[in-house]
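Here are the chains, one letter per residue:
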Amino acid sequence: MSSGPGGARGWGYRVLGARLDYLLHFRPAEWPIMAAHTALGYVLAVGIAGVAMGASAGAAVCGIVLWVVCLNGGTLAINSAFDRDEGDIAYLRRPPPPPRRLFAVGMGAMLLGLVLAAIALPIGYVGAYAVCLVLSVLYSVPPVRLKAVAGADWLINMWGFGTLTPYAGWASTGRHVDFTHALVLLAFCPLFAALYPLTQLYQMDEDRRRGDATLAIRLGLARSLDVAIGAAALALVLLGWAASRSAWTSGDAWRWTMLGAAALAWIAVLLPWRLRAPTMSPAGHQRGMYLALVAWAVTDLGVGLAWGV
């Protein structure tokens, strides 16, 4: 969203008044990315043909909305309530001061989503939602606040966003996950392990001032990027293992091409970043983060096509 008075944010304040601050801290700019990653699990479960025929569509849409808006949006809101960032944060430039009831609103949204999931969706989805709700509270809320514990923040996010998010899309259909597709879902765990430190590099100065010992601060700039490269490589190995188990024929070479495109996207982002890192400004690291999100989107698309068609 534009933050200028004549942009979308200015229009939002005219319509919603101060209530817009709550919405902004739910960070709707991230919702398309989260929705796409959740929907990937649905595509893997029913296939693109199944999506076109509307297989389990109602449950999938319900699951995606609850996961993206209630769980993820609520998580980001309670995170903002305690971080009180003044500089840019992921998916929100120039954040407004957190409203007084932001924690209550964010927590209420997460709990509402859990209740609705328990009413409308299969037990696998409800279990994944409940686990991520607990992890979100442990991640953001003092005195535990695991986001300030280097390594713990990483583990929570690689499993929560990386693997459990697409699993939720799959679980909304009520279908069993076979081993090959489990490998595909698992691959997104190290892939998010690669992405997560990249989201912290441009915020290192502000995190140091706040006293948060984030993963990127503990590792340092160079090692954060080295870890990202290694984790991305592991993710691609797992996807290759899943592909080798999928009995693709010579006519399926295009499926390997999809995976190759994902690999090239990560190489194009990470290797130049690693080489230029010592001379890059925080703004440059922020641009690198958004390029990494593009590589993530290319991977989601490639995996969805490779196993969904």
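The structure presented is a predicted model; accordingly, all values stated were derived computationally and were not measured.

## Observations regarding the overall build of the protein chain
Next up, step 1: Along its length, the protein chain carries 13 helices and 0 strands.
Next up, step 2: Ordered by position from the N terminus, the helices and strands of the protein chain form the series α-α-α-α-α-α-α-α-α-α-α-α-α.
Next up, step 3: Computed over C-alpha atoms, the radius of gyration of the protein chain comes to 19 Å, within 12% of the 19 Å expected from 2.2 N^0.38 for 309 residues, which places it in the range of a compact globule.
Next up, step 4: The buried share of the protein chain, taken over its 309 residues, is 52%.
Next up, step 5: Expressed as a percentage of contacts within the protein chain between residues at least 6 apart in sequence, the contacts between residues at least 24 apart total 75%.
Next up, step 6: If you sum the accessible surface of the protein chain, you get close to 13300 Å²; carbon and sulfur atoms cover 70% of it.
Next up, step 7: In the protein chain, 22 side chains carry a positive charge and 15 a negative one; their mean positions are 4 Å apart.

## Some points on the packing of aromatic side chains
Next up, step 1: What the rule picks out here adds up to 12 aromatic pairs.
Next up, step 2: Here F192 and Y196 contribute two aromatic rings whose centre-to-centre distance is 6.1 Å and whose plane-to-plane angle is 35°, an arrangement assigned as tilted. Of this pair, F192 and Y196 both sit in helix α8 (residues 179–198), 4 residues apart, which is roughly one turn of that helix.
Next up, step 3: You can call F192 buried: its relative accessible area is 7%.
Next up, step 4: Residue class for Y196 comes out buried when judged on its relative accessible area of 5%.
Next up, step 5: What links up through ring pairs into an aromatic cluster is the set F161, F188, F192, Y196 and W296.

## Points about the pattern of salt bridges
Next up, step 1: On inspection of all chains with the given rule, the structure shows 2 salt bridges.
Next up, step 2: Of the charged contacts, one joins D226 and R274 as a salt bridge, the two residues approaching to 2.7 Å between their closest N and O atoms. With D226 in helix α11 (residues 221–244) and R274 in helix α12 (residues 253–276), this residue pair connects regions lying 48 residues apart in the sequence.
Next up, step 3: In this structure R274 comes out as partly exposed when scored by relative accessible area, which is 27%.

## A look at a nonpolar patch on the surface
Next up, step 1: Together, L112, V115, L116 and I119 line one region of the surface with nonpolar side chains, adding up to about 380 Å² of accessible area.
Next up, step 2: In this fold, I119 is placed in helix α5 (residues 102–120).
Next up, step 3: Among the residues examined, I119 registers a relative accessible area of 66% and is labelled exposed.

## Observations concerning the side chain of H37
Next up, step 1: Within the element layout of this structure, H37 appears in helix α3 (residues 31–53).
Next up, step 2: On the accessibility criterion, H37 (0% relative accessible area) is buried.
Next up, step 3: Residues within four places of H37 in sequence aside, it is in contact with F161, G162, T165, P166, F188, W296 and D300.

## Side note on the confidence of the model for the protein chain
Next up, step 1: Per-residue pLDDT for the protein chain averages 90, and the proportion of residues at 70 or more is 95%.
Next up, step 2: Within the protein chain, helix α1 (residues 8–16) has the poorest average pLDDT of any element, 72, and α5 the best, 97.

## Digging into helix α6 (residues 123–140)
Next up, step 1: With 18 residues, α6 ought to run about 26 Å at 1.5 Å a step, and its terminal C-alpha atoms sit 26 Å apart, in line with that.
Next up, step 2: Within α6 the residues assigned to the buried category are Y125, V126, A128, Y129, C132, L133, S136, Y139 and S140. Considered in projection along α6, the buried side chains sweep an arc of 160° and stay on one side of the axis.
Next up, step 3: On its buried face, α6 is in contact with α4 (57–83), α5, α7 (152–171) and α8.

## Examining the state of the cysteines
Next up, step 1: Evaluation of the coordinates by the stated rule reveals 0 disulfides.
Next up, step 2: The thiol of C70 is not disulfide-bonded; the next cysteine sulfur, from C62, is found 9.1 Å away.
Next up, step 3: Accessibility expressed as a relative area gives 11% for C70, which makes it buried.

## So, the environment of V177
Next up, step 1: Considering the arrangement of structural elements, one finds V177 in the loop between α7 and α8.
Next up, step 2: The contacts of V177, once residues within four sequence positions are left out, are Y167, W170, A182 and L185.

## Regarding the nonpolar core
In globular proteins that are soluble, nonpolar side chains generally tend to be buried together.
Next up, step 1: With 75 residues, the main nonpolar core has W67, Y125, Y129, V303 and W307 as its most contacted residues.
Next up, step 2: Take this core: its biggest share by element is 13 residues, from α8.
Next up, step 3: A77, A81, L102 and A109 belong to the second largest nonpolar core, which has 5 residues in total.

Cut-offs applied
- Residues numbered from 1 in each chain as written.
- Predicted model: local features only at pLDDT ≥ 70, side-chain atom pairs only at ≥ 80, totals over all residues.
- Heavy atoms only, no water.
- Helix = DSSP H or I, 4+ residues; strand = E, 2+ residues; numbered from the N terminus.
- Rg over C-alpha atoms; globule rule 2.2 N^0.38 Å.
- Buried < 20%, exposed > 50% of the residue type's maximum accessible area, 1.4 Å probe, protein only.
- Contact = heavy atoms within 4.5 Å.
- Areas by Shrake-Rupley, 256 points an atom, 1.4 Å probe, with all protein chains shown as cover.
- Lys, Arg positive; Asp, Glu negative; His and termini not counted.
- Charge placed at Lys NZ, Arg CZ, Asp CG, Glu CD.
- Phe/Tyr/Trp six-rings, centres within 6.5 Å; stacked < 30°, edge-to-face > 60°.
- Salt bridge = Lys/Arg side-chain N within 4 Å of Asp/Glu carboxyl O.
- Patch = residues over 30% accessible without salt bridge, like charges linked within 9 Å, V, L, I, M, F, W, Y side chains within 5 Å.
- pLDDT = per-residue confidence, 0-100.
- Expected span 1.5 Å × (residues − 1).
- Arc of directions from axis to C-beta.
- Disulfide = S-S within 2.5 Å.
- Core = buried A, V, L, I, M, F, W, Y, C linked by side-chain atoms within 4.5 Å.

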